[in-house]
Amino acid sequence: MITLKTDQNNDLVQDANGNLVLFGGIDAELQEAKHYAATSRGEMIYQFQDGIPFDPLAFGATPLPVQYAAAVRARLEQAPWITEVVSVEATQNGGLPSYNPSIKTLSGIVSING
């Protein structure tokens, strides 16, 4: 997999000459898995049904960590370079949802902290 590199703010990264940076391998797969897990349901106009329903599961009056973990798992399983979602743990920390999936990709096994 080759993709555009983004920084911690999800802005595209440029090299010293102002060109967009492309990269691949396990780091690219990790970045894109984080992007998949951060996609809200209804955000993509041509795949409106895809994404995670953050409002009822993570930010609602009664957060549902088990259902949030299931939604993250289902979203990650849609990624073509992910061969298996080994595990997903979801928690609420100070009112903020967090997740920690372990996934097998075409390049190896990675863990995400999001």
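Residues numbered from 1 in each chain as written. Predicted model: local features only at pLDDT ≥ 70, side-chain atom pairs only at ≥ 80, totals over all residues. Heavy atoms only, no water.

*Asks:* If you had to explain helix α3 (residues 65-76) to someone new, which residues and values would you point to?
*Replies:* With 12 residues, α3 extends 16 Å from end C-alpha to end C-alpha; this agrees with the ideal 16 Å at 1.5 Å per step. Along α3, the residues classified as buried are Tyr68, Ala69, Ala71, Val72, Arg75 and Leu76. Down the axis of α3, the buried side of the element spans an arc of 160°, and every buried residue falls inside it. Elements in contact with the buried residues of α3: α1 (25-37), α2 (54-57), β3 (82-93) and β4 (96-105). (Helix = DSSP H or I, 4+ residues; strand = E, 2+ residues; numbered from the N terminus. Expected span 1.5 Å × (residues − 1). Buried < 20%, exposed > 50% of the residue type's maximum accessible area, 1.4 Å probe, protein only. Arc of directions from axis to C-beta. Contact = heavy atoms within 4.5 Å.)

*Asks:* Quick one: what's the story with the pairing of β3, residue by residue and with numbers?
*Replies:* Note that β3 and β4 share 10 bridges and pair antiparallel. Among the inter-strand pairings, Val88 is bridged to a residue of β4, identified as Pro101. Between β3 and β4, which follow one another and run antiparallel, lie 2 residues, and Gly94 among them has a positive phi close to 60°. (Pairing = 2+ DSSP bridges.)

*Asks:* Would you mind going over a nonpolar patch on the surface in detail, with residue names and values included?
*Replies:* A grouping of Ile2, Leu4, Leu12, Leu20 and Leu22 is seen on the molecular surface, where their side chains present a nonpolar patch of about 500 Å² in accessible area. The topology assignment puts Leu12 in the loop between β1 (2-4) and β2 (22-24). Overall, Leu12 belongs to the partly exposed group, its relative accessible area being 48%. (Patch = residues over 30% accessible without salt bridge, like charges linked within 9 Å, V, L, I, M, F, W, Y side chains within 5 Å. Areas by Shrake-Rupley, 256 points an atom, 1.4 Å probe, with all protein chains shown as cover. Salt bridge = Lys/Arg side-chain N within 4 Å of Asp/Glu carboxyl O.)

*Asks:* Now, about the pattern of salt bridges: what can you tell me, with residues and values included?
*Replies:* In the structure shown here, the tally under the stated rule is 1 salt bridge. Measuring nitrogen to oxygen at the nearest pair gives 3.4 Å for the salt bridge that ties Lys104 to Glu84. Separated by 20 residues along the polypeptide, Lys104 in strand β4 and Glu84 in strand β3 bring together distant segments of the chain. Looking at Glu84, the relative accessible area reads 37%, which means it is partly exposed.

*Asks:* Explain the sheet that holds β3 residue by residue, including any values.
*Replies:* The strands making up a sheet associate through hydrogen bonds between their backbones, and the pairing can be parallel or antiparallel. Read across the sheet, 3 strands follow the order β3-β4-β5 without closing on themselves; strand pairing throughout is antiparallel. Both outer strands of the open sheet, β3 and β5 (109-111), are each paired with one neighbouring strand and no more. Along the sheet, successive strands turn relative to each other by an average axial angle of 10°, direction set aside. Inspection of the sheet shows β4 paired to β5 by 3 bridges, in the antiparallel sense. Looking at the pairing, Lys104 lines up with Ile109 of β5. Lying over the sheet, α1 contacts β3, β4 and β5, oriented at roughly 140° with respect to β4. (Axes fitted to C-alpha atoms, helices over the stretch in contact; angles between N-to-C directions.)

*Asks:* So what's going on with the side chain of Thr3? Residues and values would help.
*Replies:* Mapped onto the secondary structure, Thr3 falls in strand β1. Here Glu32 takes part through its side chain, which lies 3.4 Å from a polar atom of the side chain of Thr3. Setting aside residues up to four positions removed in sequence, Thr3 forms contacts with Val21, Leu22, Phe23, Ala28, Gln31 and Glu32. (Polar contact = N/O pair within 3.5 Å; in protein donor to acceptor, adjacent residues only side chain to side chain.)

*Asks:* Before we move on, can you summarise the environment of Leu12 with the specific residues and values?
*Replies:* Along the primary structure Leu12 and Leu22 are separated by 10 residues, whereas in three dimensions their C-alpha atoms are 9.8 Å apart. If sequence neighbours within four positions are ignored, Leu12 has contacts with Leu4, Lys5, Thr6 and Leu20.

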